[in-house]
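# Tertiary structure, described
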Amino acid sequence: MTSKVAEETLGYEQARDELIEVVRRLEAGGTTLEESLALWERGEELAKVCRRWLDGARARLDAALAEEEAATEESGE
């Protein structure tokens, strides 16, 4: 497993790609119960990293749209 610091430095694409690999390995089967549990836990961690990135992107978009709307209202357009 990676440390919390390492997870926080993962970019969205890195986390997504690793999550895809984890899912592929789980779907392929052939792992022990212990390995499957470790993969599942890693997948959950990676999904959280992706969700944080997506939530942050959504917040930035919402802020930019609100700012644009406020500017439009101020200019009377």
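None of these values were measured; they are calculated from a predicted model.

## Considering a negative patch on the surface
- A cluster of like negative charges, contributed by Glu-68, Glu-69, Glu-73 and Glu-74, occupies part of the molecular surface.
- Within the secondary structure layout, Glu-74 lies in helix α3 (residues 33-75).

## Topic: the environment of Lys-48
- Inspection of the secondary structure puts Lys-48 in helix α3.
- Overall, the relative accessible area of 54% leaves Lys-48 in the exposed class.
- Sequence-wise, Lys-48 and Ala-15 are 33 residues apart; in three dimensions their C-alpha atoms are separated by 9.3 Å.

## As for the pattern of salt bridges
- Considering all chains together, one arrives at 6 salt bridges under this definition.
- Between Glu-18 and Arg-42 there is a salt bridge, with its nearest N and O atoms 2.8 Å apart. Of this pair, Glu-18 sits in helix α2 (residues 12-28) while Arg-42 sits in helix α3, placing them 24 residues apart in sequence.
- Overall, Arg-42 belongs to the buried group, its relative accessible area being 7%.
- One salt bridge in this structure joins Arg-42 and Glu-45, with 3.2 Å as the shortest N-O distance. Taken together, the positions of Arg-42 and Glu-45, both in helix α3 and 3 residues apart, correspond to about one turn of that helix.

Thresholds, definitions, all that
Residues numbered from 1 in each chain as written. Predicted model: local features only at pLDDT ≥ 70, side-chain atom pairs only at ≥ 80, totals over all residues. Heavy atoms only, no water. Patch = residues over 30% accessible without salt bridge, like charges linked within 9 Å, V, L, I, M, F, W, Y side chains within 5 Å. Areas by Shrake-Rupley, 256 points an atom, 1.4 Å probe, with all protein chains shown as cover. Salt bridge = Lys/Arg side-chain N within 4 Å of Asp/Glu carboxyl O. Lys, Arg positive; Asp, Glu negative; His and termini not counted. Charge placed at Lys NZ, Arg CZ, Asp CG, Glu CD. Helix = DSSP H or I, 4+ residues; strand = E, 2+ residues; numbered from the N terminus. Buried < 20%, exposed > 50% of the residue type's maximum accessible area, 1.4 Å probe, protein only.

Interpretation in functional terms is not warranted from these geometric data alone.
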